[in-house]
Amino acid sequence: MALLENLVVVFLAGLVTALATGLGALPFFVFEEISDRWTVVLWGIASGIMVSASLFGLVEEGLAEGTPTEIAIGMAAGVALVVVAHEVLLDVEIDPREYEQADFTKLVLILGVLTVHSFPEGIAVGVSFADLGLEGGYQILGLTVPLLAVFMTVAISIHNVPEGTAIAIPLRAMGVSKPRMVWWAVFSSLPQPIGAVIAFAFVRTAREFLPYGFGFAAGAMIYLVLSEFIPEALSIGESLPNGGKRELVTGVLLGVAVMLPLSII
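Just so we're clear, the structure is a prediction, and the values are computed from it rather than from any experiment.

A. Region of interest: the overall build of the protein chain. Along the backbone of the protein chain there are nine helices and two strands. For the protein chain, the N- to C-terminal ordering of α and β elements is α-α-α-α-β-β-α-α-α-α-α. Counting across all 265 residues of the protein chain, residues that qualify as buried make up 47%. Across the protein chain, contacts joining residues at least 24 apart in sequence account for 83% of those joining residues at least 6 apart. Accessible surface computed for the protein chain: about 12400 Å², of which carbon and sulfur atoms make up 69%.

Pasting the structure below:
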């Protein structure tokens, strides 16, 4: 398969994960609001899925391709990218309520901030497709797709659903229409297909960097969980008994439980 066709497949996989974020807004077609308790649980589920995908998918596959040192270097680089990006955007706080009211310049800034959050997930998808078209994969519509790519695409897609819900909650409070809530949820993950294509093109061209790529994506995603997802969940759960820690732990365990069967397969 030509490189361009490969890139299209990887882009579509990244687009699937972005579209999955829109599913997070669908509960508002049925319910008027979602309680803080359930919001914390959803953040926990997203965290559990992301950490599981990083450890059971990316790190494990990376160790099969390279050494623990290479994985560790890649993880450190992934953490450094997120830290530096946060420093650059230190004074920028973006609330989903601003999406509807933003002009073009503001939207570009918002996309920049969203890239810090969702780009690593796109990188994870792109790296997982490194063996696309090679032997040892799974046949899907005539394509040999690596099992890791299927695992990561499914994992990131499931993870994106509660993220979409978290984005839709403040938009709902603003009175934004339900279809537009779906659109803005998808909008928040648009950097993912771009990150997937860039990561795939890099590791496919420079295979010797593949272990570093696995570590890079894993490090960035785990750091996002520790530095943003969990603090956000605890912030929302402040008014709950025990500060929402029970709900958060429950969500994390559910996220891990969802991913364990996939990792075994």
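B. Quick peek at the packing of helix α1 (residues 3-23) against helix α5 (residues 147-174). Packing of α1 against α5 brings their axes to within 6 Å, and their N-to-C directions diverge by 30°. Comparing the axis directions of α1 and α5 gives the class roughly parallel. Like other packed secondary-structure pairs, α1 and α5 cross with a definite hand, here right-handed. For the pair α1 and α5, contact is made by Ala13, Val16, Thr17, Ala18, Ala20, Thr21 and Leu23 and by Thr153, Ile156, Ser157, Asn160, Val161, Glu163 and Gly164, respectively. Its residues placed into classes, the contact of α1 with α5 shows seven nonpolar, six polar and one charged.

C. A look at the packing of helix α2 (residues 36-65) against helix α9 (residues 245-264). Interaxial distance between α2 and α9 falls to 6 Å at its minimum, and their mutual angle equals 40°. The orientation of α2 with respect to α9, classified from their angle, is oblique. The handedness of the crossing between α2 and α9 is right-handed. Only Arg246, Glu247, Leu248, Gly251, Val252, Leu254, Gly255, Val256, Met259, Leu260 and Ser263 of α9 make contact with α2, whose side of the interface consists of Arg37, Val40, Val41, Gly44, Ile45, Ser47, Gly48, Ile49, Ser52 and Phe56.

D. Summary view of the environment of Glu163. Secondary-structure assignment places Glu163 in helix α5. Along the sequence, Glu163 and Leu42 sit 121 residues apart, while their C-alpha atoms lie 7.8 Å from each other. Excluding its chain neighbours within four sequence positions, the residues that come into contact with Glu163 are Thr21, Trp43, Glu121 and Phe229.

E. View of α9. For α9, which comprises 20 residues, the first-to-last C-alpha distance of 29 Å matches the rise-based estimate of 28 Å (1.5 Å per residue) to within 8%. Listing the buried residues of α9 in full gives Glu247, Leu248, Gly251, Gly255 and Met259. On its buried side, α9 packs onto α2, α5 and α8 (210-236).

F. Unusual backbone geometry, seen in detail. Despite not being glycine, Asn242 has its phi angle at roughly 60°, a positive value. Look at Asn242 and you get exposed, because its relative accessible area is 59%.

G. Focus on α1. With 21 residues, α1 extends 31 Å between its outermost C-alpha atoms, agreeing within 8% with the 30 Å of an ideal straight helix rising 1.5 Å per residue. Buried within α1 we find Asn6, Leu7, Val9, Val10, Ala13, Gly14, Thr17, Ala18, Ala20, Thr21 and Gly22.

Definitions and cut-offs
Residues numbered from 1 in each chain as written. Predicted model: local features only at pLDDT ≥ 70, side-chain atom pairs only at ≥ 80, totals over all residues. Heavy atoms only, no water. Helix = DSSP H or I, 4+ residues; strand = E, 2+ residues; numbered from the N terminus. Buried < 20%, exposed > 50% of the residue type's maximum accessible area, 1.4 Å probe, protein only. Contact = heavy atoms within 4.5 Å. Areas by Shrake-Rupley, 256 points an atom, 1.4 Å probe, with all protein chains shown as cover. Axes fitted to C-alpha atoms, helices over the stretch in contact; angles between N-to-C directions. Parallel < 35°, antiparallel > 145°, perpendicular 65-115°, else oblique. Left-handed = near helix turned anticlockwise from the far one by under 90°. Nonpolar A, V, L, I, M, F, W, Y, C, P; charged D, E, K, R; others polar. Expected span 1.5 Å × (residues − 1).

Spatial relationships are all this shows, so hold off on functional conclusions.
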